[in-house]
Amino acid sequence: MIGQDGGVPIPPLRRAPVQRRSAERLGRILDACAELLDETGYEDLSTRAVAERAGVPIGSVYRFFSNKRAMAEALAHRNLDEYAARVTERLAASGADGGGWREAMDVVVDEYLAMKRGAPGFALVEFGMPVPVTATPDQPNHLVADRLRELLGERLGLQESGEAGERVRVAFLLAVEAADALLRLAFRVHPEGDPVIVAETKELLRAYLAGVLD
């Protein structure tokens, strides 16, 4: 997966696209993967079906991915890049001060909801494939929390080091974990995300983060 800055690809790509045509082909493969996840689910997803939907030879899929799981993981990385870009764009549009961290947290939640409701394949993959419940640093919620902390750090004047920095890091992780659990509940209750649960999730985040960010 190539990040928004066009930097070094990150796993699970087998080979990085070095030309625009190759990058465009990778994009079509991931688009096809996302569409088929919505249509068939993960269990019935196949690399051959993705190749056919993308209009590329099956060898092009295997050039980038060893199997369908690697392909879905790459889609998850792309989702995280897109999510960060959407949050950044919304915050930039809100002006210099942007209403502080409370508005920023609302944007973080609202852009997640927008992707959950409309981004192809996002309902199944989101920001990472299902993983065992262990405290490994590469779990999806760890990645999301770190990305949001980096994205919002300068804007909110967050501490980056020392005891205060560690407290901020833990606070972002706990906030992401709590929001993840509650918003999953919101979508179990209502296909578009129960508005009452969404509103209460925002209130919970504000109440918890006030002790760290105010």
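Before reading further, recall that the structure is shown in the block above.
Computed from a prediction, not measured in an experiment: that's the story for all the values here.

About the thresholds
Residues numbered from 1 in each chain as written. Predicted model: local features only at pLDDT ≥ 70, side-chain atom pairs only at ≥ 80, totals over all residues. Heavy atoms only, no water. Salt bridge = Lys/Arg side-chain N within 4 Å of Asp/Glu carboxyl O. Helix = DSSP H or I, 4+ residues; strand = E, 2+ residues; numbered from the N terminus. Buried < 20%, exposed > 50% of the residue type's maximum accessible area, 1.4 Å probe, protein only. Axes fitted to C-alpha atoms, helices over the stretch in contact; angles between N-to-C directions. Parallel < 35°, antiparallel > 145°, perpendicular 65-115°, else oblique. Left-handed = near helix turned anticlockwise from the far one by under 90°. Contact = heavy atoms within 4.5 Å. Nonpolar A, V, L, I, M, F, W, Y, C, P; charged D, E, K, R; others polar.

Chemist: What is the right way to read the pattern of salt bridges from this model?
Modeler: Pairs can form between side chains of opposite charge once their charged atoms are near each other. Counted by the stated rule, this structure contains 18 salt bridges. Across the pair Glu-82 and Arg-86 runs a salt bridge, and its minimum N-O distance is 3.4 Å. Within this pair, Glu-82 and its partner Arg-86 are both found in helix H4 (residues 68–93), separated by 4 residues, close to a single helical turn. In this structure, Arg-149 engages Asp-146 in a salt bridge whose closest nitrogen and oxygen atoms are separated by 2.9 Å. Of this pair, Arg-149 and Asp-146 both sit in helix H7 (residues 140–156), 3 residues apart, which is roughly one turn of the helix. Overall, the relative accessible area of 28% leaves Asp-146 in the partly exposed class. Here the salt bridges do not stand alone but share partners, grouping Glu-82, Arg-86, Arg-90 and Glu-111 into one network.

Chemist: When you look at the packing of H4 against H7 in this model, what are you seeing that I'm missing?
Modeler: Packed helices, taken two at a time, are described by the angle between their axes plus the distance between the axes. Between H4 and H7, the shortest axis-to-axis distance is 11 Å and the interhelical angle comes to 25 degrees. Of the possible angle classes, the one that applies to H4 and H7 is roughly parallel. The two elements H4 and H7 meet at a crossing, and its hand is right-handed. Taken together, the residues of H7 that come into contact with H4 (itself represented by Leu-80, Asp-81, Tyr-83, Ala-84, Val-87, Thr-88 and Leu-91) are Leu-143, Val-144, Arg-147, Leu-148, Leu-151, Leu-152 and Arg-155. For the contact of H4 with H7, the residue count by class is 10 nonpolar, 1 polar and 3 charged.

Chemist: Please explain the packing of helix H5 (residues 100–118) against helix H8 (residues 162–189) as it appears in this structure.
Modeler: In contact at an axis separation of 12 Å, H5 and H8 are set at 40 degrees when each is read in the N-to-C sense. Here H8 runs oblique to H5, going by the angle between their axes. Remark: the crossing between H5 and H8 carries right-handed chirality. Residues Met-105, Val-109, Tyr-112, Leu-113, Lys-116 and Arg-117 of H5 form the contact with H8, whose participating residues are Phe-172, Leu-183 and Phe-187.

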